[in-house]
Amino acid sequence: MLLKREEVIPDAENWLMKQAISNKYMKEGKTFSDSVWQYIQDIVTPLLTSLIANIDQYENLEILAEKTDWKQEMFLRVYRVISVEQYQEVTTKGTSNRLNIPFSWLFMNSVDTCLDSLDDQTEFDIYSKTEIGDLFVKCWKDIKEASTMYLHDLIQVKHVCSTVEEVEVIALYLKSKIKSLTPSQIHRSFEECKDELIKFSSVIHCSPTILKNVLFKVKEEQIEQLHVEALDQMFDLKIQPDFAVMAENSETREDWKMMVMNLQPLVEDILSTTNINNEKLLNIESKWVQVKVMIIYFDIVLPPNTDECLTKVLMGKVKMLWQATSKANFQSFKTFNNVTTILQYLNNHVSKMHSSGGINVCVRCNETPKEPVALPCGDVGCQSCLLDHFNSISQKRCPRRDCGNPTIPDSFEVKSTLDVAEALQKHNQFRSNLSLFYMKILEQFCFGNYNHPPDEKILKSLLQFVTIKDMDGKLKTKDLSPFKEYAIDSTPVVRSFLLQLCLQCDTALVKEHIQLFFEEKSLVLDQNDLMELCLLYVCCIEDSVTKKVKNTEIEADILTSVDISKKFEHYHQMHGSSIQNLDATANLRFALVTLARVIISLIERKHATANERYLLEISQRFFRDNQNRVMKTFLVKELCLKYRQDATLEMKKRPDLIDFLPIELQVDDPSEKEPDLYLVLGDSYIQMRKAMYQGILNNNMDTLKEFIKSKNLNNKEKTNSFLHALDHNQNILKDEKFEKSRNELQIMFETNMFSDNITLRQNIKSLLTKNTNIQPGNMTRRARELHKLKQILKTSLLSTESTNSLTHFLQTIIVNPKASRNLFWPTMPHDTLFEAIQVMKKDFGGSGNRLWLCPNGHLYQVGNCGAFNETRTCRDCGQNIGAGQQQVASAEGRRDTTQPGFVERKNKNQMESQRNLSKLETEIMRFILNIVLLVAYEQHPDDVRTLLSGKDEKSLFQDADLSLRFLSTHMGKSQDAVLVHLCDLCNHLSAVPGGNSSLTTHEKRVQWETAFAEAVIRPAIRQFDDVNKEFRNVVEKDVEINVGKLHRIVYSNSKDDIDEIPHVQQLWQVRQKVGVENLLSQLDATNKKDQAPILFKLLSELGVFKHLTNLPILMDLPVYLQKIFHHSISLSDLENESVKDFIENNCDSQVRKHILESANVLFSTWNALQEHLKNFDAVLALKISQLPCKAFETVLSVSNTPAAFIFPSSHGAGICSMGLLSFLISKQNSLVTWDKDAISPTKISKRNVVTVSKSQVQNILLANTRYSFEQSGSMREDFDLASIERQVQQRFLQGCPKISDSMSQLPLFKFLEDRYLNIDDVLAEKIPQKPLPLALQNQVDHTLTNSLPNICSFLDAVSTARNFLSVVGGDPNNSLLDYMKSLHLVSDTFIMMSKQLNQLQISHVESLLRYLLLLRAKRMVLNGQCPFTQIIPADYRDDLTDCLLKEVKEFLLGVSHGEILSTLFFFIWTQLRNPAIGDDSERPNQKLKDYLSAFSEDEDGACTTLPGSVLVKHSIAVFNCLVKLINF
């Protein structure tokens, strides 16, 4: 090694002469001999260290301790011929025990190098051509056990083994695979088996107890695949369930489930990556399916909360299911039939437990019994069915013909009892669970593998169930199931679910079967059953079209709709219930749903995209060719039932939209009136309106007078009903021929006892005035609807006289807006920081002042002592906080900055910060306030304008309309339905219970919001559907108003003749679909997010979670780069070279391909998540935004991004990839629940990260949707929330661990510039540290002879010692040199030559390290080098002008050089190395003395006298100047 060094040193033979004339190693008190030996030591020590490190790899030196003659001789002979480079990479991988053959890894490298060209005849000749190879060949031939030893060594070098036994098992297994134990055969066999050995070790790690069994098997017989054998043993010894124990304790079942779920990723990885070509693996796969069936069974049929009796019954029969699924092939009809038989048996058995007869359907109608009655014979029936039956016969008998005991006593009373109803409810729930279990089994096992579809017999059996089984009997489709007489629930969702499975498996067979069914059975099948089947098929096909479109690009639905319209342009010519016609119907439904969305968007946005205009054009052409009323009717229903009914009025005004309406809607209908929103008020209004309407038309008010005088009406009802009826009839009263009627109404109002409320009375007088401002005929429909809503709210609030009601605040706004100016209005933006402080103060219990604010007002907390002991960085803005904060401000005394009165929100999202309210509740409350302000505007317009900073009535109406649109979208309901709901809510405000209405403080406002939401809004949301259903019923009965053609089209329930298929109304019902897009809003709108918290979180950030699947690739990239480039490349070089160029210039073809593929994944993930990363961490985002690569502003790629980006680091462009990794880890941890230790980020794989996509979630929703056919002409879809939550957790989260989010475990890259950068006080937390005395500083300087190599070598050694101490600790008073000697960091020679350093203690490590860094920097400057070139930005490396240089020299005359030099160095090293947080563009031009004074925390120190003209940008120049002046 020394000879090689001499070869590269010019004039090496004269080295001694050079030392004689050089003063580099000469120091006062040293001889020439000392300097020569110091020079030699500096050369030899690094070489010797490298040499020892190389020859002791894999504990190779320990072989010498065995004192085996041939091993010692082999060791020395190899050692003599090896070549060791000084900077050669050293393997530090540990082994379970030492190697058997000295330097065997060197021979392994040689074999690997020439493996492709080796054969059994010539390989030993090839090895012998090298000295090392020749030595190993002789060993191989002379030592009998050499081949076995070499095999063991190979396993230990190339594989990670935990125990000696594991090495033994692998060695025996590989031996069985090798024909002859030659090196090449051993290597080839190992490489062939490498993957399965990794899996074998993973299995052993999960179940170490099976190792002995596997070892025995390997010794006794030939094993085909080792990991398969281990997995088989694990199934038999660990996974086999103990049903006897599980029956006694539900916790045992849960523990078993959790254990299986944790093993699932490993087992499925083995099964999916191993060729299934042997009987054992097929057997394991069968066992695994059997286990998964039991998991589903325990989850669905027998969950932990199952009652004791049912648990006992089901656990008693569980072995039957276990045996039935043993070695089962779920694609075979035999297994399918066995499982259905078992479930039939379970259903029968449990039904007997729930009721004496065991039958849970009515014996008369075969439906689920309504008001169930248990007969003496054990049968069950509906109370009405049994009464009808007994009334039709002379003697009471059971309706079932084959009943064993049909006679019923005459005294038996046909009456439903609570016990029977509860038993029936329990069994219905069990049947529902059994149904879901059956569906899961089919989906996961029968249809789960598209490469191996189920038997055609299974498909036909299921399709018979989907259509009909028995044409001769009385059973209809809804009564049939694969479970014969004891049927599980055969709801439309079960049948549609099965139909979708069959379509995915074999579309042609499904269509052929249904087409054949139509041809053979349609004439004898009940029309309702046929129509239901057609509708289910159409819905399934429509869903499949939707699913395909959702997985493609933006506006794909529009382009697909265009293609559909072109493809089925002759739809009007299609007739009959054929598959072709139904397919066309399904596709056209999809196209019209898309068209409706585009029309609404055009109406509200007033413009359309190019694709939207194209769809409108093609659709117009389609409707011209297809004069088919049913499709236009469907389009109108879609618009009205999902969006808004006044859309048809807007379409009439537009030539490009009017042709989409049916002919009867294209012209105005004077007789048509929209539904009267006042109908929500109830019977008193309906009767008042009827009496008034007839009185006006007949000019006779006698009936109205009698009704008003009726004792059935109180004063409030009388006033409100009179006002609303009067408002509704305004159009008629405007007619001069009814002036007499108006006069009579005025007299009636003045002479009868109405409310004394001034506002209401003025309102009535205004309505009775001939020139009233209310002109309904001049309003748009939406304006009329909002006007009626305003009137309802007004009468409801003003008819309440109590001042203790929650609504008193709203009354105050109406009566006296000025008085509400100083009150804290609900839903307004508020001081959330103040609220957080109050909550935290309560948590602390008044234990000192612990809450503080950073310079930018962000909150942070200090420890229990309340004192500032450390400097930290604000997470929100990056400013220094704590001890480094210049001006501190206590948060606990901070005043509330919430503003009273009406505060205009800056954006819609501002309301989301409200406490205790959901987004929906906040918007409803805000809408009510908007309407209250409209009411107040009528009487106090100037005050309201002042209150709202100039907003007028028109602006308030616009805000209300926008809120209505938002509520409609968020609730997934039409705007008209939302209006009805809000009218009903406002009508009940008068009945709101008492509560605090004094909103004089922020806290009271929060209390009011919570109380109002609980008392008013939440109950109203729960009653939404009931209110709208009741309103529709009232509208249907409203004979006084001609609801007109639009209402009849939207709400008609006409049933067309079956011969008209596919042009029948029943196939064109509107679907109120629940999908991934609106399920999140549905959960929030219905306050159900707490029932499915995991689903809610998943849907909230589905766009983020889908990228978690890339995390293993992103984590593997830096690990891979570490192996190749660790501490060998410069950050500055990487910042100036693109990723693509760097890879091409520094990597071979194989490495280049791997890195490029991973880098492309990195950039695609970054580009998709940029916006989320901006809000992840404010400090991180600010650092990234200041990078030259503009990572937040550009679409990044390998061509336009610095290579540093792909090297995660705490500085430079690598901070981007570091932030991305931290972000993805935090997202995984926020979603999963994990009761074990978090795993290291570098150990994650695809099998243990959350992998989820939108389509996967959509499939779960479809599988758990319930359909119901409503009379209103729409088909409603609801979902089983509990089942969806359970399946999301099982499918996506189970077995996924939390990942350690510690920065220390992230694979951060270390560049050349990063050596010794970490000089923080980490060690001080474990071992007390103290300053290095001046005397010791001088001794260090003297010992190292001011030699840069000496300084760097000692710096390396001290840095390594500190790393050890920071982990293991130590006695602060112990000798540092002795400790370093024990670690072999310094030699005995060094200690003998450095006796003056014996006073160094472990407590001096940190200060010594700092001093050495300073010493190294000084020496580099004196050698003409700059110690900061690669780590300090160029902004701080400006040269000093001659004038400034003179000022600096004068400054140095009056200060301590050592103090100013040390302060300046560590300021540069710690503060200027990384970009400042915040806007640091001005920092280079700030005064250096200000920064140095703050950094040293010495207000009167030497730094304060530094000339003000010296700026921060001169820092490096000042340091260099200072060093040179001091040295001079």
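Residues numbered from 1 in each chain as written. Predicted model: local features only at pLDDT ≥ 70, side-chain atom pairs only at ≥ 80, totals over all residues. Heavy atoms only, no water.

**Observations regarding the overall build of the chain**
For step 1, the next point in the chain: When helices and strands are tallied, the chain shows 65 helices and 10 strands.
For step 2, the next point in the chain: Taking all 1528 residues of the chain together, 52% fall into the buried category.
For step 3, the next point in the chain: Sequence-distant contacts in the chain: of pairs separated by 6 or more residues, those separated by 24 or more amount to 75%.
For step 4, the next point in the chain: When the accessible surface of the chain is totalled, it reaches about 70,800 Å², and 49% of it is carbon and sulfur. (Helix = DSSP H or I, 4+ residues; strand = E, 2+ residues; numbered from the N terminus. Buried < 20%, exposed > 50% of the residue type's maximum accessible area, 1.4 Å probe, protein only. Contact = heavy atoms within 4.5 Å. Areas by Shrake-Rupley, 256 points an atom, 1.4 Å probe, with all protein chains shown as cover.)

**With respect to the side chain of Gln975**
For step 1, the next point in the chain: Of note, Gln975 is situated in helix α42 (residues 975–987).
For step 2, the next point in the chain: The class for Gln975 is buried, based on a relative accessible area of 4%.
For step 3, the next point in the chain: Contact partners of Gln975, with chain neighbours within four places excluded, come to Glu604, Tyr643, Arg644, Arg782, Leu964, Arg965 and Ser968.

**Some thoughts on helix α32 (residues 715–728)**
For step 1, the next point in the chain: Compared with the 20 Å implied by 1.5 Å per residue over 14 residues, the 20 Å span of α32 between its first and last C-alpha is a close match.
For step 2, the next point in the chain: In terms of residue burial, α32 counts as a mostly covered element, since 10 of its 14 residues are buried.
For step 3, the next point in the chain: For α32, the set of buried residues is Lys718, Thr719, Asn720, Ser721, Phe722, Leu723, His724, Ala725, Leu726 and Asp727.
For step 4, the next point in the chain: Residues of α32 that are buried in the fold lie against α30 (683–698), α31 (702–709), α33 (730–733), α34 (739–751), α35 (758–768) and α36 (781–798). (Expected span 1.5 Å × (residues − 1).)

**Some remarks on the pattern of salt bridges**
For step 1, the next point in the chain: Considering all chains together, one arrives at 46 salt bridges under this definition.
For step 2, the next point in the chain: The salt bridge partner of Lys1174 is Glu1171, with a shortest N-O separation of 3.1 Å. One end of the pair is Lys1174 and the other is Glu1171, both in helix α52 (residues 1149–1174) and three residues apart, which spans about a single turn.
For step 3, the next point in the chain: Here Lys1174 falls in the partly exposed class, since its relative accessible area comes to 30%.
For step 4, the next point in the chain: It is possible to trace a salt-bridge network through shared partners that takes in Glu604, Arg644, Asp646, Arg781, Arg782, Glu785, Asp961, Arg965 and Asp976. (Salt bridge = Lys/Arg side-chain N within 4 Å of Asp/Glu carboxyl O.)

**Description of helix α37 (residues 808–815)**
For step 1, the next point in the chain: For α37, the buried fraction is high: six of the eight residues fall into the buried class.
For step 2, the next point in the chain: Turning to α37, its buried residues number three or more, namely Phe809, Leu810, Gln811, Thr812, Ile813 and Ile814.
For step 3, the next point in the chain: Looking at the packing, one finds that the buried side of α37 touches α36, α39 (919–939) and α43 (1002–1022).

**Some thoughts on the sheet that holds strand β7 (residues 889–890)**
For step 1, the next point in the chain: Strand order in the open sheet formed by three strands is β4-β3-β7, and the pairing between neighbours is antiparallel. Looking at the sheet topology across the chains shown, the edges are occupied by β4 (859–861) and β7.
For step 2, the next point in the chain: With three bridges joining them, strand β3 (residues 851–853) and β4 adopt antiparallel strand pairing. Considered in β4, the bridge of Trp852 is made with Tyr860. (Pairing = 2+ DSSP bridges.)

**Observations regarding the packing of aromatic side chains**
For step 1, the next point in the chain: Enumeration over the complete set of coordinates arrives at 34 aromatic pairs.
For step 2, the next point in the chain: For the pair Phe103 and Trp105, a centre-to-centre distance of 5.5 Å together with 40° between the ring planes defines the contact as tilted.
For step 3, the next point in the chain: Among the aromatic side chains, those forming a connected cluster through ring pairs are Phe107, Phe124, Tyr127, Phe136, Trp140 and Tyr150.
For step 4, the next point in the chain: Here the basic side chain of Arg1410 rests over the ring of Phe1466, its NZ or CZ set 5.6 Å away from the ring centre. (Phe/Tyr/Trp six-rings, centres within 6.5 Å; stacked < 30°, edge-to-face > 60°. Lys NZ or Arg CZ within 6 Å of the ring centre and 35° of its normal.)

**A short note on the state of the cysteines**
For step 1, the next point in the chain: Considering all chains together, one arrives at zero disulfides under this definition.
For step 2, the next point in the chain: Summary of cysteine pairing: Cys1216 is not part of a disulfide, and the nearest cysteine sulfur, belonging to Cys1189, is at 4.7 Å. (Disulfide = S-S within 2.5 Å.)

**What to know about a nonpolar patch on the surface**
For step 1, the next point in the chain: Where nonpolar side chains cluster on the molecular surface, the patch consists of Leu2, Val44, Leu48 and Ile52 and spans about 320 Å² of accessible area.
For step 2, the next point in the chain: In terms of residue count, the dominant contributor to the nonpolar patch is helix α3 (residues 32–55) (three residues).
For step 3, the next point in the chain: Tracing the backbone shows Leu2 in helix α1 (residues 2–7). (Patch = residues over 30% accessible without salt bridge, like charges linked within 9 Å, V, L, I, M, F, W, Y side chains within 5 Å.)

**Quick notes on the nonpolar core**
For step 1, the next point in the chain: Core analysis: the biggest nonpolar cluster contains 196 residues, and Tyr297, Phe298, Phe437, Ile599 and Leu1067 have the highest contact counts within it.
For step 2, the next point in the chain: Element by element, the count of residues in this core is highest for helix α26 (residues 579–605), at 15 residues.
For step 3, the next point in the chain: Apart from residues lying up to four places away in sequence, Phe298 is in contact with Phe243, Met246, Arg253, Trp256, Lys257, Pro303, Met315 and Val318.
For step 4, the next point in the chain: If you look at the next biggest cluster of nonpolar residues, it comprises 92 residues, including Leu679, Ala691, Leu806 and Leu920. (Core = buried A, V, L, I, M, F, W, Y, C linked by side-chain atoms within 4.5 Å.)

**Remarks on the packing of α31 against α34**
Helices that pack against each other are described as a pair by the angle of their axes relative to one another and the distance between those axes.
For step 1, the next point in the chain: Contact pair α31 / α34: the axes reach a minimum separation of 11 Å and the direction vectors enclose 20°. Relative to α34, the element α31 lies roughly parallel. For the element pair α31 and α34, the recorded crossing hand is right-handed. Packed against α31, whose contacting residues are Leu704, Lys705 and Ile708, the element α34 presents Glu744, Leu745 and Met748 at the interface.
For step 2, the next point in the chain: Classifying every residue of the contact of α31 with α34 gives four nonpolar, no polar and two charged. (Axes fitted to C-alpha atoms, helices over the stretch in contact; angles between N-to-C directions. Parallel < 35°, antiparallel > 145°, perpendicular 65-115°, else oblique. Left-handed = near helix turned anticlockwise from the far one by under 90°. Nonpolar A, V, L, I, M, F, W, Y, C, P; charged D, E, K, R; others polar.)

**Focus on the confidence of the model for the chain**
For step 1, the next point in the chain: Confidence along the chain averages 80 in pLDDT terms, with 86% of residues attaining 70 or more.
For step 2, the next point in the chain: Within the model, the stretch residues 1269–1273 combines pLDDT values under 50 with 18 contacts to residues more than four positions away or in other chains. (pLDDT = per-residue confidence, 0-100.)

**Focus: the packing of helix α9 (residues 164–177) against helix α10 (residues 183–206)**
For step 1, the next point in the chain: Running from N to C, α9 and α10 point in directions that differ by 145°, and their axes come no closer than 11 Å. Once α9 is placed against α10, the crossing between them reads as right-handed. Where α9 abuts α10, its residues Glu166, Val169, Ile170, Tyr173, Leu174 and Lys177 lie against Ser189, Phe190, Cys193, Glu196, Leu197, Phe200, Ser201 and Ile204.
For step 2, the next point in the chain: Residues that form the contact of α9 with α10 fall into these classes: nine nonpolar, two polar and three charged.

**Quick look at the environment of Ser104**
For step 1, the next point in the chain: Relative to the helices and strands, Ser104 is located in helix α5 (residues 104–113).
For step 2, the next point in the chain: For the pair Ser104 and Leu154, spaced 50 residues apart in the sequence, the C-alpha separation amounts to 8.1 Å.

**Digging into unusual backbone geometry**
For step 1, the next point in the chain: Unlike most non-glycine residues, Tyr58 shows phi in positive territory, near 55°.
For step 2, the next point in the chain: Positionally, Tyr58 belongs in the loop between α3 and α4 (69–81).
For step 3, the next point in the chain: What makes Tyr58 buried here is its relative accessible area of 8%.
For step 4, the next point in the chain: At Lys327, a position not held by glycine, the phi torsion is positive, near 50°.
For step 5, the next point in the chain: On the secondary structure map, Lys327 appears in the loop between α17 (318–324) and α18 (333–354).
For step 6, the next point in the chain: Of the residues examined, Lys327 reaches a relative accessible area of 69% and is grouped as exposed.

**What to know about the side chain of Asp299**
For step 1, the next point in the chain: Summarising the element assignment, Asp299 is placed in helix α15 (residues 279–301).
For step 2, the next point in the chain: Classification of Asp299 by relative accessible area gives buried; the value is 9%.
For step 3, the next point in the chain: Here Asp299 is in contact with Lys257, Arg1286 and Gln1290, once residues within four sequence places are set aside.

**What to know about the environment of Asn100**
For step 1, the next point in the chain: For Asn100, the location among the structural elements is in the loop between α4 and α5.
For step 2, the next point in the chain: Separated by 49 residues in sequence, Asn100 and Met149 have C-alpha atoms that sit 5.7 Å apart.
For step 3, the next point in the chain: When residues no more than four places from it in sequence are discounted, the contact partners of Asn100 are Ile63, Trp70, Lys71, Met149, His152, Asp153 and Gln156.

**Observations concerning the environment of Met925**
For step 1, the next point in the chain: With respect to the element layout, Met925 can be found in helix α39.
For step 2, the next point in the chain: Using a relative accessible area of 2% as the deciding quantity, one classes Met925 as buried.
For step 3, the next point in the chain: Considering only alpha carbons, one finds Met925 and Ala1013, 88 residues apart in sequence, at a separation of 8.1 Å.
For step 4, the next point in the chain: Those residues in contact with Met925 that lie beyond four places of it in its chain are Pro826, Thr827, Leu917, Trp1008, Glu1009, Phe1012, Ala1013 and Ile1017.

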